[in-house]
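Secondary and tertiary structure notes
Here is how the chains run, residue by residue.
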Amino acid sequence: VEAGFHHPILYSYFRSSCSWRVRIALALKGIDYETVPINLIKDGGQQFSKDFQALNPMKQVPALKIDGITIHQSLAIIEYLEETRPTPRLLPQDPKKRASVRMISDLIAGGIQPLQNLSVLKQVGEEFQLTWAQNAIISGFNALEQILQSTAGTYCVGDEVSCPQVFLYYRFKVDCTLYPTISSINKRLLVLEAFQVTHPCRQPDTPTELRA
Amino acid sequence: MREPKIKEGRGLSKVMQSWFLHQVQTRCQLPARSTTQTTASQPGHALWGDTKPGPSRSPILYSYFRSSCSWRVRIALALKGIDYETVPINLIKDGGQQFSKDFQALNPMKQVPALKIDGITIHQSLAIIEYLEETRPTPRLLPQDPKKRASVRMISDLIAGGIQPLQNLSVLKQVGEEFQLTWAQNAIISGFNALEQILQSTAGTYCVGDEVTMADLCLVPQVANAERFKVDCTPYPTISSINKRLLVLEAFQVTHPCRQPDTPTELRA
């Protein structure tokens with residue numbers, strides 16, 4: 001399969017928050033793409049297939065085939081899109097504001113999500129999964145709520161949408177009323193079209209019972 | 001290449017579970033107030049409350065000698081020839097100096113590194129490095145070509161987001177002493193299995209081509225972690241040879257954990 005020269009190809013799972021980040025970036029930048037769903041649960045996890053492993057040796061989604069290359073790691077993908085399709089911007093121009101955006105993105109993408117992703121939860125074991133995931137999210141949200149109090153305007157950093165970091169952690173039953181800044185920014189983002197059309201409930205691989 | 005096998009997790013023992021629940025209940029604080037901790041006072045070092053950032057002052061790096069994340073930033077500062085002051089944060093002493101009220105105000109994630117520079121404070125090592133790259137662009141730590149930059153970021157994120165967070169101190173504390181080593185080894189082995197494959201198409205002398213990049217700043221400290229956790233690196237010849245080449249460079253030498261202001265005497269080079 002040609003490495004996305006004509007049409008980018010996104011390997012995505014409907015419910016993967018990392019995949020959702022990239023879907024939003026693609027939508028915001030008006031980039032058409034094809035979705036190849038990778039079901040992280042069916043068939044023992046399709047991310048473990050030989051084919052997919054050749055594409056992404058980390059055996060994780062998302063992966064994006066674009067311009068003849070394959071990129072994985074959601075933030076690396078988003079930075080590439082930003083550098084090659086610069087409008088509309090996903091990063092502010094000012095280096096200090098860019099630092100804030102990256103700091104928040106890394107906090108979530110490196111500090112919270114990896115601790116509550118599927119493979120880690122499998123290792124923790126079923127009995128403990130919920131508490132473990134909640135702990136990861138609560139620690140991170142405690143910090144994020146504080147940070148956002150100095151960076152946020154309408155959105156996470158000022159008044160432009162940047163490096164989209166929407167997450168819906170209702171799955172892990174984290175009480176988000178404790179995080180008013182996070183919750184209000186999240187609400188404002190969720191009404192935007194790019195966040196709507198890319199929502200897990202509207203994906204090609206969304207199971208019928210979870211479809212919007 | 002025969003991939004080293006991940007040891008299957010068996011979940012946590014009952015003893016660990018109840019210990020863990022206790023940790024969750026005591027550590028998961030709401031944003032308003034932090035856990036009461038001994039305020040870190042460090043004779044001979046500036047207290048963060050006293051050091052105001054400003055253009056006339058050199059940058060201040062909050063670092064722990066053995067923290068791989070701190071080491072990445074130390075290398076970047078060294079490569080770019082940026083003088084800075086170190087404020088050591090001991091992650092173990094006093095219950096962990098990262099939990100002090102003062103440090104939490106600086107970095108609500110209660111982690112090192114944090115860098116005070118140009119009137120702001122930045123944390124998350126890669127965000128710091130990207131800021132240094134944008135404001136002090138020479139020598140480069142990212143290639144010019146966007147596709148090569150993507151490779152650099154991909155490798156950096158794999159390590160900084162995909163390996164290290166799973167084997168950092170606070171996670172290992174939650175896992176509990178009995179399982180810590182296996183857990184850390186699993187995290188590193190999974191990541192190194194992937195990284196070895198990826199490097200086979202990106203690497204030249206270093207991780208991406210023949211210039212030192214941000215990816216290399218992430219690689220060396222992670223290999224050091226692998227050694228600490230007794231991960232056998234012979235299945236990773238590409239990782240190992242790049243690591244060897246980088247370790248002889250001055251910036252990697254002077255910033256090494258064994259040569260830091262807070263390196264304990266018994267671990268000093």
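From a predicted model like this one, the values you see are computed outputs, not experimental measurements. (Residues numbered from 1 in each chain as written. Chains lettered and ligands numbered in written order. Predicted model: local features only at pLDDT ≥ 70, side-chain atom pairs only at ≥ 80, totals over all residues. Heavy atoms only, no water.)

**Quick notes on the overall build of chain A**
- In terms of helices and strands, chain A carries 8 helices and 4 strands.
- The secondary structure elements of chain A, listed N-terminal to C-terminal, are β-α-β-α-β-β-α-α-α-α-α-α.
- Relative to its length of 212 residues, chain A is compact, with a C-alpha radius of gyration of 17 Å against a globular reference of 17 Å.
- For the C-alpha atoms alone, the extent of chain A along its principal axes is close to 45 × 45 × 30 Å.
- For chain A, long-range pairs separated by at least 24 residues make up 64% of all intrachain contacts whose partners lie at least 6 apart in sequence.
- Here chain A displays about 9000 Å² of accessible surface, and carbon together with sulfur accounts for 53% of that area.
- One way to put it: in chain A the 21 positive side-chain charges average out to a point 2 Å from where the 20 negative ones average out. (Helix = DSSP H or I, 4+ residues; strand = E, 2+ residues; numbered from the N terminus. Rg over C-alpha atoms; globule rule 2.2 N^0.38 Å. Contact = heavy atoms within 4.5 Å. Areas by Shrake-Rupley, 256 points an atom, 1.4 Å probe, with all protein chains shown as cover. Lys, Arg positive; Asp, Glu negative; His and termini not counted. Charge placed at Lys NZ, Arg CZ, Asp CG, Glu CD.)

**Looking at the packing of helix 3 (residues 74-84) of chain A against helix 5 (residues 146-163) of chain B**
- Helix 5 of chain B packs onto helix 3 of chain A with a crossing angle of 160 degrees between their chain directions and a minimal axis gap of 8 Å. The pairing of helix 3 of chain A with helix 5 of chain B is recorded here as roughly antiparallel in orientation. Between helix 3 of chain A and helix 5 of chain B lies a crossing of right-handed hand. Where helix 3 of chain A approaches helix 5 of chain B, its residues Leu75, Ala76, Glu79, Tyr80, Glu83 and Thr84 of chain A are matched on the opposing element by Pro146, Lys147, Arg149, Ala150, Arg153, Met154 and Asp157 of chain B.
- Here the residues of the contact of helix 3 of chain A with helix 5 of chain B sort into 6 nonpolar, 1 polar and 6 charged. (Axes fitted to C-alpha atoms, helices over the stretch in contact; angles between N-to-C directions. Parallel < 35°, antiparallel > 145°, perpendicular 65-115°, else oblique. Left-handed = near helix turned anticlockwise from the far one by under 90°. Nonpolar A, V, L, I, M, F, W, Y, C, P; charged D, E, K, R; others polar.)

**Overview of the packing of aromatic side chains**
- This model, assessed by the stated rule, comprises 7 aromatic pairs over all chains.
- Ring geometry for Tyr11 of chain A and Phe52 of chain A: centres 6.0 Å apart, planes at 55 degrees, overall tilted. Of this pair, Tyr11 of chain A sits in strand 1 (residues 9-12) while Phe52 of chain A sits in helix 2 (residues 50-55), and the two are 41 residues apart along the sequence.
- Given a relative accessible area of 10%, Tyr11 of chain A falls into the buried group.
- Ring centres of Trp132 of chain A and Trp183 of chain B lie 5.4 Å apart, and the angle between their planes is 45 degrees; on these two criteria the pair is classed as tilted. Of this pair, Trp132 of chain A sits in helix 6 (residues 129-151) while Trp183 of chain B is found in helix 7 (residues 177-202), placing the two residues in two different chains.
- Judged by relative accessible area, Trp132 of chain A falls into the buried class, the value being 3%.
- Note on Trp183 of chain B: relative accessible area 9%, which makes it buried.
- Geometry around Phe229 of chain B places Arg228 of chain B over its ring, the cationic atom sitting 5.2 Å from the centre. (Phe/Tyr/Trp six-rings, centres within 6.5 Å; stacked < 30°, edge-to-face > 60°. Buried < 20%, exposed > 50% of the residue type's maximum accessible area, 1.4 Å probe, protein only. Lys NZ or Arg CZ within 6 Å of the ring centre and 35° of its normal.)

**With respect to the pairing of strand 4 (residues 69-72) of chain A**
All names here are of chain A.
- Strand direction decides the pairing type here: strand 3 (residues 63-66) and strand 4, joined by 4 bridges, are antiparallel. In the strand pairing of strand 4, Lys65 is matched with Thr70.
- Connecting strand 3 to the antiparallel partner strand 4 that follows it, the hairpin turn spans 2 residues, and Asp67 within it adopts a positive phi of roughly 55 degrees. (Pairing = 2+ DSSP bridges.)

**A look at the packing of helix 4 (residues 95-112) of chain A against helix 6 of chain A**
Residue and element names in this part refer to chain A.
- Taken N-terminus to C-terminus, the directions of helix 4 and helix 6 make an angle of 175 degrees; their axes are 10 Å apart at the nearest point. Judged on the interaxial angle alone, helix 6 and helix 4 are roughly antiparallel. Along its contact with helix 4, which presents Ser100, Met103, Ile104, Leu107, Ile108 and Ile112, the element helix 6 presents Ala136, Ile137, Gly140, Phe141, Ala143, Leu144, Ile147, Leu148 and Thr151.
- Per-class residue counts for the contact of helix 4 with helix 6 are 12 nonpolar, 3 polar and no charged.

**Some remarks on the nonpolar core**
- Ile71 of chain A together with Ile122, Ile155, Phe192, Leu195 and Leu219 of chain B are the most contacted members of the largest nonpolar core, which totals 118 residues.
- It is helix 7 of chain B that provides the largest number of residues to this core, a total of 11 residues.
- Counting the residues that make up this core, at least three belong to each of domain 1 (3-88 + 198-210) and domain 2 (95-195) of chain A.
- When sequence neighbours within four positions are dropped, the list of residues in contact with Ile122 of chain B reads Ala99 and Met103 of chain A together with Ala114, Leu115, Ile117, Ala127, Ile128 and Tyr131 of chain B.
- By size, the runner-up hydrophobic cluster in this structure holds 11 residues, among which are Tyr62, Tyr64, Phe103 and Val112 of chain B. (Core = buried A, V, L, I, M, F, W, Y, C linked by side-chain atoms within 4.5 Å. Domains from an automatic or database assignment.)

**Concerning the sheet that holds strand 4 of chain A**
Residues and elements named next belong to chain A.
- Taken together, the 4 strands give an open sheet; going across it, the order is 2-1-3-4, and neighbouring strands pair in mixed fashion. Both edges of this open sheet fall to strand 2 (34-37) and strand 4, since each of them pairs with a single strand only. Neighbouring strand axes in the sheet, compared pairwise and without regard to direction, differ in orientation by 20 degrees on average.
- Looking at chain direction, strand 1 and strand 3 are connected through 3 bridges and run antiparallel. Bridged to Tyr11 within strand 3 is Ala63.
- Lying over the sheet, helix 1 (residues 17-28) contacts strand 1 and strand 3, oriented at roughly 150 degrees with respect to strand 1.
- The strands touched by helix 3 within the sheet are strand 3 and strand 4, with strand 4 carrying the most contacts at an inclination of about 130 degrees.

**Let's talk about the UniProt feature "domain: GST N-terminal" (unreviewed entry) in chain A**
- The positions UniProt marks with the feature "domain: GST N-terminal" (unreviewed entry) are residues 6-89 of chain A.
- For residues 6-89 of chain A, helix accounts for 35% and strand for 19%, while the C-alpha atoms at its two ends are 23 Å apart. (UniProt positions renumbered as here; feature names shortened; annotations may be inferred.)

**Thoughts on the interface of chain A and chain B**
- Between chain A and chain B, the contact holds 47 residues from the first and 50 residues from the second.
- Where chain A abuts chain B, roughly 4300 Å² becomes buried across the two surfaces, and 66% of that area is made up of carbon and sulfur atoms.
- The three residues of chain A that bury the most area against chain B are Gln123, Phe128 and Trp132 of chain A, which together make up 14% of that side's buried surface.
- In this assembly, chain A and chain B are joined by 6 salt bridges.
- Its salt-bridge partner being Glu83 of chain A, residue Arg149 of chain B comes within 2.9 Å of it at the nearest N-O pair.
- The interface formed by chain A and chain B holds 10 residue pairs in polar contact (both at pLDDT 80 or more) in total.
- At the level of elements, strand 4, helix 3, helix 4, helix 5 (118-124) and helix 6 of chain A are the ones that each hand at least two residues to the side of chain A that touches chain B.
- At 11 residues, helix 6 of chain A tops the list of elements feeding residues into the side of chain A that touches chain B.
- A breakdown of the residues in the side of chain A that touches chain B according to their chemical character gives 22 nonpolar, 15 polar and 10 charged. (Buried area = accessible area lost by both parts, 1.4 Å probe. Salt bridge = Lys/Arg side-chain N within 4 Å of Asp/Glu carboxyl O. Polar contact = N/O pair within 3.5 Å; in protein donor to acceptor, adjacent residues only side chain to side chain.)

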